[in-house]
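# Coordinate inspection notes
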Protein chains: 10
Amino acid sequence: MATKPSKNLETFPNPNPERDYEINFEAPEFTCVCPMTGQPDFATIRIRYVPDQKCVELKSLKLYLWSFRDEGTFHETVTNRIADDLIRALDPRFIEVEGDFFVRGGIKTKVKVEHRK
Amino acid sequence: MATKPSKNLETFPNPNPERDYEINFEAPEFTCVCPMTGQPDFATIRIRYVPDQKCVELKSLKLYLWSFRDEGTFHETVTNRIADDLIRALDPRFIEVEGDFFVRGGIKTKVKVEHRK
Amino acid sequence: MATKPSKNLETFPNPNPERDYEINFEAPEFTCVCPMTGQPDFATIRIRYVPDQKCVELKSLKLYLWSFRDEGTFHETVTNRIADDLIRALDPRFIEVEGDFFVRGGIKTKVKVEHRK
Amino acid sequence: MATKPSKNLETFPNPNPERDYEINFEAPEFTCVCPMTGQPDFATIRIRYVPDQKCVELKSLKLYLWSFRDEGTFHETVTNRIADDLIRALDPRFIEVEGDFFVRGGIKTKVKVEHRK
Amino acid sequence: MATKPSKNLETFPNPNPERDYEINFEAPEFTCVCPMTGQPDFATIRIRYVPDQKCVELKSLKLYLWSFRDEGTFHETVTNRIADDLIRALDPRFIEVEGDFFVRGGIKTKVKVEHRK
Amino acid sequence: MATKPSKNLETFPNPNPERDYEINFEAPEFTCVCPMTGQPDFATIRIRYVPDQKCVELKSLKLYLWSFRDEGTFHETVTNRIADDLIRALDPRFIEVEGDFFVRGGIKTKVKVEHRK
Amino acid sequence: MATKPSKNLETFPNPNPERDYEINFEAPEFTCVCPMTGQPDFATIRIRYVPDQKCVELKSLKLYLWSFRDEGTFHETVTNRIADDLIRALDPRFIEVEGDFFVRGGIKTKVKVEHRK
Amino acid sequence: MATKPSKNLETFPNPNPERDYEINFEAPEFTCVCPMTGQPDFATIRIRYVPDQKCVELKSLKLYLWSFRDEGTFHETVTNRIADDLIRALDPRFIEVEGDFFVRGGIKTKVKVEHRK
Amino acid sequence: MATKPSKNLETFPNPNPERDYEINFEAPEFTCVCPMTGQPDFATIRIRYVPDQKCVELKSLKLYLWSFRDEGTFHETVTNRIADDLIRALDPRFIEVEGDFFVRGGIKTKVKVEHRK
Amino acid sequence: MATKPSKNLETFPNPNPERDYEINFEAPEFTCVCPMTGQPDFATIRIRYVPDQKCVELKSLKLYLWSFRDEGTFHETVTNRIADDLIRALDPRFIEVEGDFFVRGGIKTKVKVEHRK
């Protein structure tokens, strides 16, 4: 597996698809770029999901989050994008993605997206 | 006494000038304007002093802090300015002024000024 | 002993004047009146002293603090006044009086007075 | 040994008198009576000492503290009395006694006594 | 003033050079690149200084910290580099710079540099 | 509007009566008088309500709470009285009033009143 | 009203019997005697009730709790006794009494009694 | 009553059998012996029950818990045993027993047993 | 090495006797017996030392602390005894032993012993 | 650079040898083996040093700590060994190494080593 940023989310087969269980990630090292000003944004991304047939591979998730480093995108857009990409790759029974962004203009922003099969 | 913003710091005679004692103010409702961008800045101003012959009157201090609302000024300048105005009005035995500013550009700033007679 | 507000601080003989020891009071139920606006002020009064020949009687201290309920006085003045009255009544080896006042005009005030024989 | 309240502080020989070491008691179950009103007072008594030739036996200390249950005494007097009785019984190298009393008349009181041989 | 990353630290004249006072910045939005693996690193940068003739302008400090976003550098090197650049630009009476980095390889790293004129 | 204590609760029209929303006050500067002993009582008053057609004006609420300063009243009575006066003035969809009183006779008292239209 | 310990619980008419509301007491100054050993026990008594036609008067509650000072009684018995006496005196709509006792024999005991009309 | 360890749980008649109420014990001074290695084990035992006709006497509970000091028993066994012995002695309406054991082999163990009549 | 309680403190050669460094143990699983009543006592034992030529082996320390399980001893005596035995076995450059005992008779006791070569 | 466990500590030249500054590592993922029982031990290793001519490279430090995974060693020995290896590789102006080990036999151990050039 490469060690470059990539939008490719690799998966492995869920070892216990007959059972509902929860997987939880907290990634405090997320950065992208503001599409209005070109300046860097910072966030913690939290992902919580119940897998169906597939689980996301951890290193590929790191490279995926890294891939936004130079992209210009709104807080709301990127949080939905991460949710959409994970849904497409995993088709999970349930997923929740939260983007918890640093203060901009004196305002702290959180965006939370939820999807249920 | 008026109830309009004013740079005029009113004083009353120290009731016990023969004794060293400490007066402590915390004012979390301070706002001024960034001289670079014209956008509002917010801070908590903390003042600690040992009076000599004069004490600052509390309502006049409130109107004084209010008077910066529409002024454009750097964090470092306004903190020194408040210290200088209080030193000129009170000629205290000791004074410490701290400006504790909200995040701007992802950076939190504090400025602390101390003066001893 | 009466149960009315009174400026009279009653004392009893220090049971151990040959020894230095510390007595500590915290009185969160203090109220007086602002001399500028006539509106009520509230504070916690903290007293710490080393007695010499006399100790202040607790109930009389309560009635003494109560006696300020309808008096108009500045924060700085009343804190010094309490210290002065205790010094006159007790002639202590050491005393510290702190007035910790509630927010007025968006500003929180503390006044601390210390006296050593 | 009896199990009745008693002013008799029993001791046992310090097992290591050639060495300075510290013994620390915290007794939150102390009650006596207010000498002005006859009403019960409550306190935590804290004792810290460096023994010389004698240590106080724990059960006898319990019975000693219990012996104040029906006595009328000021906060300052009883704290000094406990210190004096321990000094007489133990002749310690160092002792500190603190009485930390519950609120009376809206005022919380602490008395702290220290003795060094 | 531009809004692009820049190694250029702009300054303004210290409004009170005749007085020693302290300026304090905390910047939790710092990212650079690991020189060994090319992967992103994240840190909080803390700066504390006593200005002499010059103060650093806040927006230019933000753009300066941003300028490391695509640079490969060791934790120790970048913390010293920030200290050196601020010393060259400001010639301060005192400065302390701390880089507080996120976990890498299961290890959390902090680097702290101090300089006194 | 006057600045004297007054039982008159002034109101203004609810700007959004078509919507349920909550208003929350915490007033730590409340004092009245014990009807048994004539001695002062102190409390924090907490008010939480969902307005219907009217909202209470803040300064008039302050003057209203001040109006109990010299009144003798039980803890239970005054807490219900405040609730009743607010219900009469506002006719709110929901209101909760809590009186959180200081220790008296070694006992801490809270009274909580709730009303639903 | 006397100032001696008394099992007599005085009441006053509930100022708002048409409404359900909650009254809450916390009394950390409770002591009684162990019926097995004759030694003192200590507890915090917590009372929470919804009055019907009568409220308990605070000073009489203090004298009532004081009246157990010299009585020998089990933890379970005294907690039920306090609940029973309050139920008989007040006939409340709801009452909960908790006795939270200090450690005895290395064991901490709590007893909680609830009654609903 | 003896003061030796004993499996005999003494009881006294429930003072209020007509009412459901809860009794709660926390005993942090429990020790027994590991049946595999013969080495000492330590635990906090928590007991919560609703008595029917009988209550357990506190000192006898202490002696009962002490009686395990030299017995070899598994964590699961001893927690169930305590529950069984209390059920046999008290026939309570409800009981919950929790054994909260110290770390063994890097693993912390809790065992919780519940019984309802 | 045996796994039975033993007063024998085994040592191993200090791997770095040319250097001062600190070793710190916290043992919350200590129990002995009260010499007055025969009942069990419980404590946390804390040991902090700077070795000279010898270090105490951890398992032998465990067996040593276990060896007090059936011994009757005062709090002060056992804390000094542990210090003395460690001093005799290790001849350390510095050692501090603290016994932090559970409540007995409503009193919590700590004993702290220090020795310097 | 390899990614296998290795006792080889790689270094890079100190970017600012003319200045004293502090580098701080916390590594909570350390495991080795007990030399007495062959069972795994776990610890957090904390390292704080002032470099002279060389700094330790972070990834090589990770591989170095990993290299103890299958080694049998006492707590005191491994903490000194890490200090010695870092001193030999870096020859730092100052270094402190702390091993903070998990509970073994009911005892928690910390070892702290300090070295100054």
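Residues numbered from 1 in each chain as written. Chains lettered and ligands numbered in written order. Predicted model: local features only at pLDDT ≥ 70, side-chain atom pairs only at ≥ 80, totals over all residues.

Secondary structure summary: chain A contains 2 helices and 6 strands in total. The secondary structure elements of chain A, listed N-terminal to C-terminal, are β-β-β-β-α-α-β-β. What you see for chain A is a C-alpha radius of gyration of 14 Å, in line with the 13 Å of a compact globule of 117 residues. With respect to the three principal axes, the spread of C-alpha positions in chain A is 45 × 30 × 20 Å. (Helix = DSSP H or I, 4+ residues; strand = E, 2+ residues; numbered from the N terminus. Rg over C-alpha atoms; globule rule 2.2 N^0.38 Å.)

A separate point is the interface of chain F and chain C. Listed as interface residues are 11 residues of chain F and, on the opposing side, 11 residues of chain C. Elements represented by at least two residues in the side of chain F that touches chain C include exactly β2 (23–33) and β3 (40–50) of chain F. Among the elements that take part in the side of chain F that touches chain C, β2(F) stands out by supplying 3 residues, more than any other. Of the residues in the side of chain F that touches chain C, the class split is 5 nonpolar, 4 polar and 2 charged. (Contact = placed C-beta atoms within 7 Å. Nonpolar A, V, L, I, M, F, W, Y, C, P; charged D, E, K, R; others polar.)

If you rotate chain F by 180° and push it 0.0 Å along the axis, it lands on chain C with an RMSD of 0.1 Å. Taken together, these values place the two copies in the relation of a two-fold axis. For chain F, the smallest separation between a C-alpha atom and the rotation axis is recorded for F:Thr31, amounting to 4.3 Å. The overlap is high: 100% of the interface residues of chain F also sit at the interface in chain C, so the same surface is used on both sides. (Least-squares fit on C-alpha atoms with pLDDT ≥ 70 in both.)

Another point: the relation of the copies chain C and chain B. Of the transformation placing chain C onto chain B, the axial shift is 0.2 Å and the rotation is 61°, giving an RMSD of 0.0 Å. Both chain copies can therefore be described as sitting about a six-fold axis.

Further remarks concern the interface of chain C and chain B. The partner chain B presents 18 residues to the 17 residues of chain C that form the contact. Here the element with the most residues in the side of chain C that touches chain B is strand β6 (residues 108–116) of chain C; it accounts for 8 residues. The residue inventory of the side of chain C that touches chain B, partitioned by class, reads 5 nonpolar, 6 polar and 6 charged. Bridge count for strand β2 (residues 21–33) of chain B against β6(C) is 6 bridges, and the pairing is antiparallel. The partner of B:Glu26 across the bridge, within β6(C), is C:Lys108. (Pairing = 2+ DSSP bridges.)

What follows deals with the sheet that holds strand β6 (residues 108–116) of chain F. In space, the 12 strands of this open sheet follow the order β2(F)-β3(F)-β5(F)-β6(F)-β2(G)-β3(G)-β5(G)-β6(G)-β2(H)-β3(H)-β5(H)-β6(H), with antiparallel pairing throughout. Two strands lie at the open edges of the sheet, namely β2 of chain F together with β6 (107–116) of chain H, each paired on one side alone. Within this sheet the neighbouring strands show an average axis-to-axis angle of 15°, counted without direction. Where strand β2 (residues 21–33) of chain H meets strand β3 (residues 40–50) of chain H, 9 bridges bridge the pair, whose relative direction is antiparallel. Each residue of the ladder has a partner; that of H:Cys32, found in β3(H), is H:Asp41. The strands touched by helix α2 (residues 75–90) of chain F are β2, β3, β5 (94–101) and β6 of chain F together with β2 (21–33) of chain G; relative to β5(F), the strand with the most contacts, the crossing angle is about 155°. (Axes fitted to C-alpha atoms, helices over the stretch in contact; angles between N-to-C directions.)

Spatially, chain B is disjoint from chain F: no contact exists, and the shortest C-alpha separation is 14 Å. For the non-touching pair chain F and chain H, the nearest C-alpha separation works out to 24 Å.

The subject of this paragraph is the confidence of the model for chain A. For chain A, per-residue confidence averages 93 on the pLDDT scale, and residues scoring 70 or more make up 98% of the total. Predicted as a complex, the structure gets a pTM of 0.89 and an ipTM equal to 0.91. (pLDDT = per-residue confidence, 0-100.)

Right, let's get into unusual backbone geometry. Look at A:Asp91: it is not a glycine, yet its phi comes out positive at around 45°. When you line up the elements, A:Asp91 lands in the loop between α2 (75–90) and β5 (94–104).

Bringing α2(A) into the picture now. Residues and elements named next belong to chain A. Compared with the 22 Å implied by 1.5 Å per residue over 16 residues, the 23 Å span of α2 between its first and last C-alpha is a close match. Listed as buried for α2 are Val-78, Thr-79, Ile-82, Ala-83, Leu-86 and Leu-90. The arc that holds the buried residues of α2, viewed along the axis, is 135°, so those residues lie on one side. Those residues of α2 that are exposed and angled more than 90 degrees off the buried face are Glu-76 and Arg-88. In this structure, the buried side of α2 is in contact with β1 (11–13), β2 (23–33), β3 (40–50), β4 (54–56), β5 and β6 (107–116). (Expected span 1.5 Å × (residues − 1). Buried ≥ 20, exposed ≤ 12 C-beta atoms within 10 Å, placed from the backbone. Arc of directions from axis to C-beta.)

Residues and elements named next belong to chain A. Taking strand neighbours across the sheet as the criterion, the 4 strands line up as β2-β3-β5-β6 in an open arrangement whose pairing is antiparallel. On the outer flanks of this sheet lie β2 and β6, each paired with one strand and no other. Here the strands of the sheet are splayed against their neighbours by 15° on average, with no regard to which way each runs.

Take the environment of H:Ser6 next. Residue and element names in this part refer to chain H. Mapped onto the fold, Ser-6 is located in the segment before β1 (11–13). Judged by the 14 C-beta atoms lying within 10 Å of it, Ser-6 is partly exposed. In the structure, Ser-6 is positioned 54 residues away from Ser-60 in sequence and 7.9 Å away in space, judged by C-alpha atoms. Not counting the four nearest positions on each side in its chain, Ser-6 is found in contact with Leu-63, Tyr-64 and Ser-67.

Residue and element names in this part refer to chain E. Counted residue by residue, strand β5 (residues 94–101) has 6 buried out of 8 residues, so it is predominantly covered. The pairing of strand β3 (residues 40–50) with β5 spans 8 bridges and is classified as antiparallel. Opposite Arg-46, over in β5, you have Glu-98 as the bridge partner. By the bridge criterion, 7 bridges tie β5 to strand β6 (residues 108–116) in an arrangement that is antiparallel. Within β6, the residue paired with Glu-98 across the bridge is Lys-112. Linking β5 back to β6 in an antiparallel pair, the connection comprises 6 residues, with Gly-105 at a positive phi of about 60°.

Residue and element names in this part refer to chain D. If you trace the backbone, Leu-63 turns up in helix α1 (residues 58–66). Remark: the alpha-carbon pair of Leu-63 and Leu-9, spanning 54 residues in sequence, is separated by 8.4 Å. Non-local contacts of Leu-63, meaning those with residues more than four positions away in its chain, are made with Lys-4, Pro-5 and Ser-6.

Residues and elements named next belong to chain A. Turning to its location among the elements, Gly-72 is positioned in the loop between α1 (58–66) and α2. The exposure class of Gly-72 is partly exposed, given the 16 C-beta atoms found within 10 Å. Measuring from C-alpha to C-alpha, the distance between Gly-72 and Pro-35 comes to 4.3 Å, with 37 residues separating the pair along the chain. Aside from chain neighbours lying at most four places away, what touches Gly-72 is Val-33, Cys-34, Pro-35 and Gly-38.

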